[in-house]
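# Descriptive structure summary
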Amino acid sequence: MGNALRSLYGNCCNPKTQQESADSYGHHHQHDVPTTTTVVGVSALAHDLLNYEHTSQVPEGLSQYVASSKKAQAKWYNKLLQAWKEAQLPPRTRKQASRFVIQALNEYQKTDVEGLLRFYGLPIPRKRAEIPGEEVCPATWPEGVQFELQTFPVDAKCIADGDGLTVYVDVADPVPEAVRLAVSRRSKARASRDYRTADALQKNIADAGYGVVKGSNNEDIVAKMYRIRMRGIDAPENQQPYGKEAKQELTKLFQGKCLTIGVYDEDQHGRLVGDIHCNGQFAQKIMLKKGHAWYFEKYDKRPEFKKWEKEARDARRGLWASPNPQKPWEWRKNNPRKELKR
């Protein structure tokens, strides 16, 4: 089990290949870092279980969240460790980890379990018996998908246009020291209302490929940042007719939601190209059927995409209400300085 947990700790929430879907997860834990912002979630739990297996010590700081003694806490970690050993697939999202903890510790006091969830920054359900809405993703991804991402809830400001956005996911590797320091300094600057310094530090964090997002308990979480391009569709650019409407539709679809993304590859602009599922819905299908995007046949040969676009064309939905809408790729050829996509 030591090797399994070590693997969990080393690979938690890494972008996951289909072949790796049954592997273990875990990542850098930061309860001992002197900062108001912590790296929490599945990885922290995996780290602490690995540490408990080797040392029989519960994490420092947990007693600030629960009233029970360390002897009682040790019983919890024995239960959690045993449950992790028996799990066919260890939890890999924060919701799954919350459900795992609740089920493993169902005989213990609600206040203790909720304190443990708060310690790890995991969501606390309104009803103890259930965790709201696991995100639904396909049983199998299409051929060509290399790995899967599970995101934090999407902020409206992260929607770039009708087919592109920025997402944040639980970090897979130890956060670089420079980023940790910048996050700590940003938190202190915001607390003192030094927003100019906080904004400058936020830019440094983003330039390093990270971000700070709010958890379900309003705690700060360090997350990895990815720019995403939706595969197989091309929405009007923001400056084009119907560009703003397409962006608004994607914002309405994604805002506040956790996404499941199957990533195929990376484009020449450094964005990950993928399929996106949101609350059990295939985002590309929605955008095409509602007439908010063109089928980008040059980069995707799935026949259902052409069918969905035709449905919208025939019904004159969305951009197809215009008698002669301009193809986004042709618009970009005539506006090279504003080119955002391939």
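Per chain, residues are indexed from 1 in the order of the written sequence. Since the coordinates come from a predicted model, pLDDT governs what is reported: local features require at least 70, and pairs of side-chain atoms require 80 or more to be given and counted, while whole-chain, interface and lining totals use all residues. Think of the side-chain values as coming from all heavy atoms in the structure, minus any hydrogens and water.

## Quick word on the packing of helix 2 (residues 42–55) against helix 3 (residues 70–86)
Stated precisely, the cut-off is as follows: Only the stretch in contact is used when fitting a helix axis, every axis being a line fitted to C-alpha atoms; angles between N-to-C directions are given from 0 to 180 degrees. Numbering of helices and strands starts at the N terminus; helices are DSSP runs of H or I of at least 4 residues and strands are runs of E of at least 2. Working rule for angles: under 35 degrees goes down as roughly parallel, over 145 as roughly antiparallel, 65 to 115 as roughly perpendicular, anything else as oblique. Only heavy atoms enter the contact rule, under which two residues are in contact if any of them lie within 4.5 Å. For this classification, the nonpolar set comprises Ala, Val, Leu, Ile, Met, Phe, Trp, Tyr, Cys and Pro, the charged set comprises Asp, Glu, Lys and Arg, and every other residue, Gly included, is treated as polar.
Axis separation between helix 2 and helix 3 bottoms out at 10 Å; the angle between their running directions is 105°. On the basis of their axis angle, the class for helix 2 and helix 3 is roughly perpendicular. Counting all contacts with helix 2, which are made through V42, L45, A46, D48, L49, Y52 and E53, the residues of helix 3 involved are A74, Y77, N78, L80, L81, W84 and K85. Residue composition of the contact of helix 2 with helix 3, grouped by class: 10 nonpolar, one polar and three charged.

## Remarks on helix 8 (residues 243–254)
As a reminder, the rule being used: One less than the number of residues in a helix, times 1.5 Å, gives the span that helix is expected to have. Burial status follows relative accessibility: with a 1.4 Å probe on protein chains alone, a residue under 20% of its type maximum counts as buried, one over 50% as exposed, and anything between as partly exposed.
The end-to-end C-alpha distance of helix 8, which contains 12 residues, comes to 17 Å, matching closely the 16 Å that a straight helix rising 1.5 Å per residue would cover. For helix 8, every residue scored as buried is listed here: G243, A246, E249, L250, T251, L253 and F254. Each element contacted by the buried residues of helix 8 is listed here: strand 2 (164–170), strand 4 (220–230), strand 6 (259–266), strand 7 (272–278), strand 8 (281–282) and helix 9 (283–289). Positive backbone phi, approximately 75°, marks G256, located one or two places after helix 8.

## Quick look at the confidence of the model for the chain
Basically, it comes down to this: Confidence of the prediction at every residue is given by pLDDT, a number between 0 and 100.
When pLDDT is averaged along the chain, the result is 82, and 81% of the positions lie at 70 or above. Considering only residues more than four positions removed or in separate chains, one finds that residues 1–39, a stretch of pLDDT under 50, has 126 contacts. The low-confidence segment residues 338–342 (pLDDT under 50) makes 25 contacts with residues lying over four places distant or belonging to another chain.

## A word on the state of the cysteines
To be explicit about the condition: Only a pair of cysteine sulfur atoms within 2.5 Å qualifies as a disulfide here.
Using the criterion set out here, one finds zero disulfides in the structure. This cysteine, C278, is not joined by any disulfide, and C258 carries the nearest cysteine sulfur, 8.7 Å off. The exposure class assigned to C278 is buried, which follows from its relative accessible area of 1%.

## Things to note about the nonpolar core
Generally speaking, a soluble globular protein has its nonpolar side chains buried in company with each other. Cut-off, in case you're wondering: Each nonpolar core is a collection of buried residues, namely Ala, Val, Leu, Ile, Met, Phe, Trp, Tyr and Cys, held together in the definition by side-chain atoms within 4.5 Å.
If you look at the biggest cluster of nonpolar residues, it comprises 31 residues, and the most contacted ones within it are L149, L165, I228, F254, L259 and I276. Secondary structure elements with two or more residues in this core: strand 1 (147–150), strand 2, strand 4, helix 8, strand 6, strand 7, helix 9 and helix 10 (303–315). Within the second largest apolar cluster, 27 residues are counted, among which are A46, L49, V66 and V101.

## Quick notes on the side chain of R332
If you trace the backbone, R332 turns up in helix 11 (residues 328–334). Residue R332 is classed as buried on the basis of its relative accessible area, which comes to 3%.

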